[in-house]
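So the chains spell out like this:
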Amino acid sequence: MEISEPPEPESLSVRFARGDVMVSACPSRTVLKHVTSQWGVLVLIALQTGTLRFSALRRKVGGVSERMLSQTLQWLEADGLVDRVAFKVVPPHVEYSLTPLGREAAEKVAALADWIETSMPAILNARRSA
């Protein structure tokens, strides 16, 4: 039997550059909150199909208020996940799409949403048993 040496601890500079979501002051927690919020997940998944105007996005994400959708889009845009293009026409025309980083994030949260949906029978059984 071969004994392997424990891995070397990560250097402080590497940890700082990568971030540590378990530390309360880590800025990645804010991004985590935006991406994994109910509306953040649904907006990212909705935009996977392509560019959408605000009203079309609101229809696609059932139940979201105009205010909450606007706030979620602002957060995701500030985090570099959503691209907003405003056309100088009357009436105003604004389109939203995913950035390359946003497509990556959408893929991850879509996988989680898929897991939740396919696991719902087991989750509902667990709820009934509790």
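Fair warning: this is a prediction, and the values are worked out from it, not measured in the lab.

For the rest of this paragraph, the subject is the pattern of salt bridges. Considering all chains together, one arrives at 1 salt bridge under this definition. Across the salt bridge formed by arginine 58 and glutamate 66, the nearest N and O atoms sit 3.7 Å from each other.

Here we come to the nonpolar core. Counting residues in each nonpolar core, the largest one holds 22 residues, and the members touching the most others are Val43, Leu44, Leu47, Leu57, Val61, Leu73 and Val82. Mapped onto this core, the elements with two or more residues apiece are helix H3 (38-46), helix H5 (66-78), strand E3 (93-98) and helix H6 (100-129). When residues in this core are grouped by element, the largest group, 5 residues, is from H3. For leucine 57, the contacting residues outside a window of four places in its chain are Val43, Ala46, Leu47, Leu52, Leu69 and Leu73.

Applying the stated criterion to the full structure yields 0 aromatic pairs. Taking NZ or CZ as reference, lysine 33 lies 5.7 Å from the ring centre of tryptophan 75, over its face.

Turning to the environment of tryptophan 39, a few remarks are in order. The topology assignment puts tryptophan 39 in helix H3. Taking the relative accessible area as the measure of exposure, tryptophan 39 reaches 16% and is therefore buried. Once the C-alpha coordinates of tryptophan 39 and glycine 62 are considered, the two residues, 23 residues apart in sequence, prove to be 9.9 Å apart.

For the pair H3 and H5, interaxial distance at closest approach is 10 Å and the crossing angle is 75°. The angle between H3 and H5 places the two elements in the roughly perpendicular class. Counted together, Trp39, Gly40, Val43 and Leu44 of H3 and Met68, Leu69, Thr72, Leu73 and Leu76 of H5 form the full contact between these two elements. Tallied by class, residues from the contact of H3 with H5 come to 7 nonpolar, 2 polar and no charged.

All right, on to the sheet that holds strand E1 (residues 52-53) then. In any sheet, the strands associate via hydrogen bonds between backbone groups, in a parallel or an antiparallel arrangement. Ordered by their spatial adjacency, 3 strands build an open sheet running E1-E3-E2, and the pairing between neighbours is antiparallel. Taken across any chain shown, the strands that pair with only one partner, and hence form the sheet edges, are E1 and strand E2 (82-87). Relative to E3, E1 is paired through 2 bridges, and the arrangement is antiparallel. Bridging across to E3, leucine 52 finds its partner in tyrosine 96.

Moving on to the pairing of E2. Here 6 bridges tie E2 to E3, and the two strands are oriented antiparallel to one another. Bridged to valine 82 within E3 is leucine 98. Here E2 hands over to E3 after 5 residues, the two strands then running antiparallel side by side.

About the criteria used
Residues numbered from 1 in each chain as written. Predicted model: local features only at pLDDT ≥ 70, side-chain atom pairs only at ≥ 80, totals over all residues. Heavy atoms only, no water. Salt bridge = Lys/Arg side-chain N within 4 Å of Asp/Glu carboxyl O. Core = buried A, V, L, I, M, F, W, Y, C linked by side-chain atoms within 4.5 Å. Buried < 20%, exposed > 50% of the residue type's maximum accessible area, 1.4 Å probe, protein only. Helix = DSSP H or I, 4+ residues; strand = E, 2+ residues; numbered from the N terminus. Contact = heavy atoms within 4.5 Å. Phe/Tyr/Trp six-rings, centres within 6.5 Å; stacked < 30°, edge-to-face > 60°. Lys NZ or Arg CZ within 6 Å of the ring centre and 35° of its normal. Axes fitted to C-alpha atoms, helices over the stretch in contact; angles between N-to-C directions. Parallel < 35°, antiparallel > 145°, perpendicular 65-115°, else oblique. Nonpolar A, V, L, I, M, F, W, Y, C, P; charged D, E, K, R; others polar. Pairing = 2+ DSSP bridges.

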